[in-house]
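Each chain, letter by letter, is given below.
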Amino acid sequence: MRFASLILSFNLLAFSAGAQIASATELGPDALVKQITDQVMEAILKDKALQAGDKQKALALAEEKILPHIDFRAMTQLALGRYWRTATSAQQEQVVSGFRSMLIRTYSNAIGAYRGQKMEVKPTRMDPGDTDVTVRNSYLSPGRPAVEVDYRMEKTPVGWKIYDIVFDGVSLVATYRSEFAQQVRNGGIEGLIARLSQMNESADRK
């Protein structure tokens, strides 16, 4: 999948999120990304099990640490687009849950691919009172051209949260919007829910 490097970079951002909940509301979006990224890189380098690709440990860690800094409901609503309004409240929650589980599994599967890559967080230009910004980063791998990875973030009462990730100009939300639309056209919202469940069950068996 073209988002493999993006997913890895997001792991570097996300895994120490839980430890930073208290300070998250006090930091600007770029400072928050840099602080967490620095700590995550250090943590992964010290954890041999994660480096060796321990999937259960990686999944548990992703489940625990990723949630504080990503708004899965907002991300799912954007990915579902106009079909969000046609879904019942119960269906909306099922899609959010299925999408969340799928992304967490994808993130956790990428941890073992970490081989010393780095993220360079660029200063974010924003005006006082801005509540929606893009934090721009460069994903650096030895011997390879830099890859641009941007986090679209919104300020909430509990701090800045990510609602989209853009990898080399391609939006994660936009990519899934196309896939979700195809599923809904073929089988309705229930068809999409079934497909997400099938994908998660398949991942569990691996």
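Not measured: the values here are computed from a predicted model. (Residues numbered from 1 in each chain as written. Predicted model: local features only at pLDDT ≥ 70, side-chain atom pairs only at ≥ 80, totals over all residues. Heavy atoms only, no water.)

### As for the confidence of the model for the protein
Close reading of the predicted structure is inappropriate where its pLDDT is low. Condition: What pLDDT reports is the predictor's confidence in each residue, on a scale of 0 through 100. By the criteria applied, helices consist of DSSP H or I runs no shorter than four residues and strands consist of E runs no shorter than two, each listed in order from the N terminus. Contact between two residues is taken to exist if any of their heavy atoms lie within 4.5 Å; hydrogens are not considered.
Taken over all residues, the pLDDT of the protein has a mean of 81, while the share at 70 or more is 78%. Element-level pLDDT for the protein is lowest in helix α2 (residues 21-24), with a mean of 46, against a maximum mean of 96 in helix α6 (residues 72-80). Taken as a whole, residues 14-23 scores under 50 in pLDDT and shows 27 contacts with residues more than four places along the chain or in a different chain.

### What to know about helix α8 (residues 172-205)
For clarity, the threshold we go by: Every helix has an expected span of 1.5 Å times one less than the residues it contains. Residue exposure (1.4 Å probe, protein chains only): buried if accessible area is under 20% of the type maximum, exposed if over 50%, otherwise partly exposed. Think of a polar contact as two N or O atoms within 3.5 Å of one another; within protein, one of them needs to be a possible hydrogen donor and the other a possible acceptor, and neighboring residues in sequence only count if both atoms come from side chains.
If you check α8, its first and last C-alpha atoms are just 25 Å apart, much less than what 34 residues at 1.5 Å a residue would give, namely 50 Å. The complete set of buried residues in α8 reads L172, V173, T175, Y176, F180, A181, V184, I189, L192, I193, L196 and N200. Where α8 begins, one side-chain oxygen reaches toward the backbone nitrogen of V173, 3.2 Å away; that side chain belongs to S171.

### Some remarks on the sheet that holds strand β3 (residues 147-156)
In a beta sheet, neighbouring strands are held together by backbone hydrogen bonds and run either parallel or antiparallel to one another. Rules: Between any two strands, pairing holds if DSSP finds at least two bridges.
The 5 strands are arranged β1-β2-β3-β4-β5 in an open sheet whose pairing can be described as antiparallel. If you trace the sheet from one side to the other, it starts and ends with β1 (118-121) and β5 (170-171), each paired once. Taken together, the 8 bridges between strand β2 (residues 132-140) and β3 define a ladder with antiparallel strand orientation. Along β3, the bridge assignment pairs N137 with V149.

### Notes on the pattern of salt bridges
Inclusion rule: Any carboxyl oxygen of Asp or Glu that lies within 4 Å of a side-chain nitrogen of Lys or Arg is treated as forming a salt bridge with it.
Applying the stated criterion across every chain yields a total of 4 salt bridges. A salt bridge links E148 to K122; the nearest nitrogen and oxygen atoms lie 3.0 Å apart. On the criterion of sequence distance, the pair formed by E148 in strand β3 and K122 in the loop between β1 and β2 is long-range, its members being 26 residues apart. When its relative accessible area of 29% is taken as the criterion, K122 is described as partly exposed. Note that R136 and D150 form a salt bridge whose closest N and O atoms lie 2.8 Å from each other. Taken together, the residues R136 in strand β2 and D150 in strand β3 connect sequence positions 14 residues apart.

### Quick look at the pairing of β2
Where β1 lies against β2, 4 bridges are found, and the strand directions are antiparallel. The residue bridging M119 from the neighbouring strand is Y139, located in β2. Adjacent in sequence and paired antiparallel, β2 and β3 are bridged by 6 residues, among which G143 carries a positive phi angle near 80 degrees.

### What to know about the packing of aromatic side chains
Filter applied, for reference: The rule is short: rings of Phe, Tyr and Trp, with Trp giving its six-membered ring, pair when the centres are within 6.5 Å, and they are stacked under 30 degrees, edge-to-face over 60, tilted in between.
Within the structure shown, the criterion is met by 3 aromatic pairs. Between F99 and F180, the ring centres sit 5.1 Å apart and the planes meet at 75 degrees, which makes this aromatic pair edge-to-face. Taken together, the residues span a long stretch of sequence, with F99 in helix α7 (residues 89-109) and F180 in helix α8 at a distance of 81 residues. Residues F99 and F180 agree in their burial class; the two are buried. Ring geometry for Y176 and F180: centres 6.0 Å apart, planes at 50 degrees, overall tilted. Here Y176 and its partner F180 are both found in helix α8, 4 residues apart, which amounts to about one turn of the helix. Grouping residues by exposure puts Y176 and F180 together as buried.

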